[in-house]
Amino acid sequence: MPTTESTWPTRSALPTEPADARSVRSARSVRSARSARSARSAESAESAESARSAESAGSLPGAGRRTSPYALVAALLGFTVISIDVSAVNIALPSIGSSLHSGMTGLQWVVDAYTLMLAALMLSAGALSDRAGARRAYAWGVTLFTLASLACALAPGIGTLIGARVAQGAAAAIVIPSSLALIRQTYDEPRQRARAIALWTVGGSVAMAAGPVLGGLLTEGPGWRAVFLLNLPIGAVILLLLTRTERSVRRPAPLDLGGQVTAVLALAGLAYAVIEGGHVGWTDPRVAAALAASVLAAVLFVVAERRHRAPMVPLGMLRERPVVLPLVFGFAVNSAFYGGIFLLGLYYQELRGMSGLEAGLMFVPMAAIITTTNLVSPRLAERVGRRPVIAAGQLIMAVAMLALLPLDARTPIWLVIVLLVPLGIGGALSVPAFTAQLMDGVPGERVGTASGLLNALRQTGGALAVAVFGALVVASDGTGFSLPGMRAAAVGEAVLLAATAVLAWWLLPKSVRH
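A brief structural summary.

Conventions and cut-offs
Throughout, a residue's number is its position along its own chain's written sequence, starting from 1. The predicted origin of the model limits local features to residues at a pLDDT of at least 70 and limits the giving and counting of side-chain atom pairs to 80 or more, whereas totals for whole chains, interfaces and linings rest on all residues. Side-chain descriptors were evaluated using all non-hydrogen atoms of the structure, hydrogens and water having been removed beforehand. Any carboxyl oxygen of Asp or Glu within 4 Å of a side-chain nitrogen of Lys or Arg constitutes a salt bridge here. Secondary structure elements are defined from DSSP: runs of H or I of at least 4 residues count as helices, runs of E of at least 2 residues count as strands, and each element is numbered from the N terminus. Only protein chains enter the accessibility calculation, which uses a 1.4 Å probe; a residue whose area is less than 20% of its type maximum is buried, one above 50% is exposed, and one in between is partly exposed. Two rings from Phe, Tyr or Trp (for Trp, the six-membered ring) form a pair when their centres are within 6.5 Å of each other. A pair whose planes differ by under 30 degrees is stacked, one over 60 is edge-to-face, and the rest are tilted. Think of it as a cone above the ring: NZ of Lys or CZ of Arg counts as a charge over the ring if it is within 6 Å of the ring centre and within 35 degrees of the ring normal. All axes here are fitted lines through C-alpha atoms, helices being fitted over the stretch that makes contact, and every angle between N-to-C directions spans 0 to 180 degrees. Crossing handedness follows the turn of the near helix against the far one: under a right angle anticlockwise gives a left-handed crossing, and clockwise gives a right-handed one. Only heavy atoms matter for contacts: two residues are in contact if any of them lie within 4.5 Å across the pair. The classification used treats Ala, Val, Leu, Ile, Met, Phe, Trp, Tyr, Cys and Pro as nonpolar, Asp, Glu, Lys and Arg as charged, and all other residues, Gly among them, as polar. Each patch is built from residues lacking any salt bridge and having more than 30% relative accessible area; the joining distance is 9 Å for like charges and 5 Å for nonpolar side chains (Val, Leu, Ile, Met, Phe, Trp, Tyr). Working definition of accessibility: Shrake-Rupley area with a 1.4 Å probe, residue cover restricted to the visible protein chains. Polar contacts, as counted here, are pairs of nitrogen or oxygen atoms within 3.5 Å of one another; within protein the pair requires one atom able to donate a hydrogen and one able to accept it, and residues that are adjacent in sequence qualify only if both atoms are side-chain atoms. Nonpolar cores are built from buried Ala, Val, Leu, Ile, Met, Phe, Trp, Tyr and Cys residues. Side-chain atoms within 4.5 Å join them into one set. What a helix is expected to span follows from its residue count: subtract one and scale by 1.5 Å. When describing relative orientation, an angle under 35 degrees is termed roughly parallel and one over 145 degrees roughly antiparallel, while 65 to 115 degrees is termed roughly perpendicular and anything else oblique.

What follows is about the pattern of salt bridges. Applying the stated criterion across every chain, the model contains three salt bridges. We note a salt bridge from Arg165 to Asp85, for which the minimum N-O separation is 2.9 Å. On the criterion of sequence distance, the pair formed by Arg165 in helix H6 (residues 158-186) and Asp85 in helix H3 (residues 69-100) is long-range, its members being 80 residues apart. Note that Arg286 and Asp284 form a salt bridge whose closest N and O atoms lie 3.0 Å from each other. The class of Asp284 is buried, set by a relative accessible area of 17%.

Put into structure tokens, the structure is as follows:
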């Protein structure tokens, strides 16, 4: 699931464009230069500079005086449809496999083709939004997502579906940052903007909860193709709403094409090797070639980033502990959450014989707990500090993965639902806290880059978890669902999460309150 990327979205967890970060730094410089003036004059200067900064981030003059609701509704619908699509497709996987005669490898690619493109392109999508203007970039992204959804719905085979999912992922990478930029240009008054972003965030949480149920309902009714067809009328409504919103200012922003291409190749090669290696063996020449290509692309990525005047990932950031630790935490959380959803969706339908709708309903209590705990985490971090909140969240998720070990075909449903509760609580506690830790650990002009990098690593964690877990849960005869494989995946994920809990406790600063 996007950005929609935010499974447990909070205001602090939202991606921020580099333009906003530079605007904040600019405002600070203005205040410093005018420090000799009286307090009242400084406040007036800051207000004027704030208005000018909003314009530089992509708004037109006067946008703050005329806040049309059309932009907010359009942005909310875009983020909602992407969030629904991710979780709904996971529930539809068994039906897709049966209809298109695909094995586990094909189903893994249906998920990972989308997630990998979203992860890789998220790093430079903000620059594209700046160059084209928020409204235009958002329209491009929505149009591509809608057309790709139509291609998914009409796919005659698994290969066509995977190709269309690649296009969907690329479109989602454009939609998420440009939808936020659209909100920023419409609401340049801080309080109104905060409320609009909060509504955008809540919409994503509600969509995440509704996605499995809606996916199951559509799969059991008209069929899995309806999961994708649902996006068509929503896309049309968004494009209609955009005709009623103000134009966005276009401004120069460098694109790191070399870094972008090599990042996509490195992630795709790694995912191919993991998915295929689990099925055909790690000594297969195709797997070895994919691993070699991934390593080569990663080396070329480093070279490209060192030489580019405005790299999408400044390599110096990756040597800083306040940056690296939250990235590791985010990778582990998303690998557990998305990998767990993937496993349990198959468990419910392949082993328990549930319908798609029944399987979707199993996730509703966990989604409700995530939304509620999201509100508690920032307040708890203010009381006891972020370090214990992050460590506790990672450790609770580790326990949640171990709680999956006793599951079998006869486990009472109520017990399965109860065992999922820690998975939702742990992630909802940890994500807002380590995201805020990352934002505080980088200078203002790097906030947008850091948040984009965090979103990319989280999506990568989810993609690799699906690749690894999918290889493990295939039965030895190549068909069916393997309980031992699910247990092995759960143990491996629990070890990773426990290790990140130890890292959080020992390496994060011991500040008590924020």
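A separate point is the packing of aromatic side chains. With the rule as written, the count across this model stands at six aromatic pairs. On the numbers, 5.6 Å between centres and 85° between planes, the contact of Phe337 with Tyr338 is edge-to-face. Here Phe337 falls in the buried class, since its relative accessible area comes to 2%. Residue classification places Tyr338 among the buried positions, given a relative accessible area of 6%. Considering the side-chain rings of Tyr348 and Phe363, the 5.7 Å spacing of their centres and the 75° angle between planes classify their relative orientation as edge-to-face. You can see Tyr348 sitting in helix H12 (residues 321-351) and its partner Phe363 sitting in the loop between helix H13 (356-361) and helix H14 (364-384), a full 15 residues away along the chain. Like Phe363, Tyr348 is buried. Here the aromatic residues Tyr347, Tyr348 and Phe363 are joined through ring pairs into a cluster of three or more. The ring of Trp505 has Arg387 lying over it, and the distance from NZ or CZ to the ring centre is 3.9 Å.

Let us look at the packing of H14 against helix H16 (residues 413-440). Relative orientation and spacing of two packed helices are given, respectively, by the angle between their axes and the distance between those axes. The N-to-C vectors of H14 and H16 enclose an angle of 35°; their axes lie 8 Å apart at closest approach. The interaxial crossing formed by H14 with H16 has right-handed handedness. Contacts from Pro365, Met366, Ile369, Ile370, Thr373, Asn374, Ser377 and Leu380 of H14 reach H16 at Ile417, Leu420, Val421, Leu423, Gly424, Ile425, Ala428, Leu429, Pro432 and Ala433. In terms of residue class, the contact of H14 with H16 is built from 14 nonpolar, four polar and no charged.

What follows is about a nonpolar patch on the surface. Where nonpolar side chains cluster on the molecular surface, the patch consists of Leu375, Val376, Leu380 and Val384 and spans about 330 Å² of accessible area. As for its placement among the helices and strands, Val384 is situated in helix H14.

With respect to the helices, strands and loops of the structure, Ser179 is situated in helix H6. Look at Ser179 and you get buried, because its relative accessible area is 1%. Polar contacts involving the side chain of Ser179 include one to the main-chain carbonyl oxygen of Ile176, which spans 2.7 Å.

Attention now moves to the nonpolar core. If you look at the biggest cluster of nonpolar residues, it comprises 137 residues, and the most contacted ones within it are Leu161 and Tyr348. Setting aside chain neighbours within four positions, we find Tyr348 in contact with Gly353, Met354, Ala359, Met362, Phe363, Val416 and Leu420.

The next thing to look at is the environment of Met208. Note that Met208 resides in helix H7 (residues 190-220). Considering only alpha carbons, one finds Met208 and Phe363, 155 residues apart in sequence, at a separation of 9.8 Å.

In an α-helix, one full turn covers 3.6 residues, which means residues spaced three or four apart are oriented alike. Helix length check: helix H11 (residues 285-307), at 23 residues, gives a terminal C-alpha distance of 33 Å against a target of 33 Å (1.5 Å per residue), a fit within 8%. The set of residues buried in H11 consists of Val287, Ala290, Ser294, Ala297, Phe301 and Glu305. Each element contacted by the buried residues of H11 is listed here: helix H10 (257-280). Where H11 begins, one side-chain oxygen reaches toward the backbone nitrogen of Arg286, 2.9 Å away; that side chain belongs to Asp284.

Turning next to the packing of H12 against helix H18 (residues 483-507). Direction vectors running N to C along H12 and H18 enclose 160°, while the axes themselves pass 10 Å from each other. On the basis of their axis angle, the class for H12 and H18 is roughly antiparallel. At the point where H12 passes H18, the crossing takes the left-handed sense. Residue-level contacts link Arg321, Leu325, Val328, Phe329, Ala332, Val333, Ser335, Ala336, Leu343, Tyr347 and Leu351 of H12 to Leu483, Met486, Ala489, Glu493, Leu496, Leu497, Thr500, Leu503, Ala504 and Leu507 of H18. Residues that form the contact of H12 with H18 fall into these classes: 17 nonpolar, two polar and two charged.

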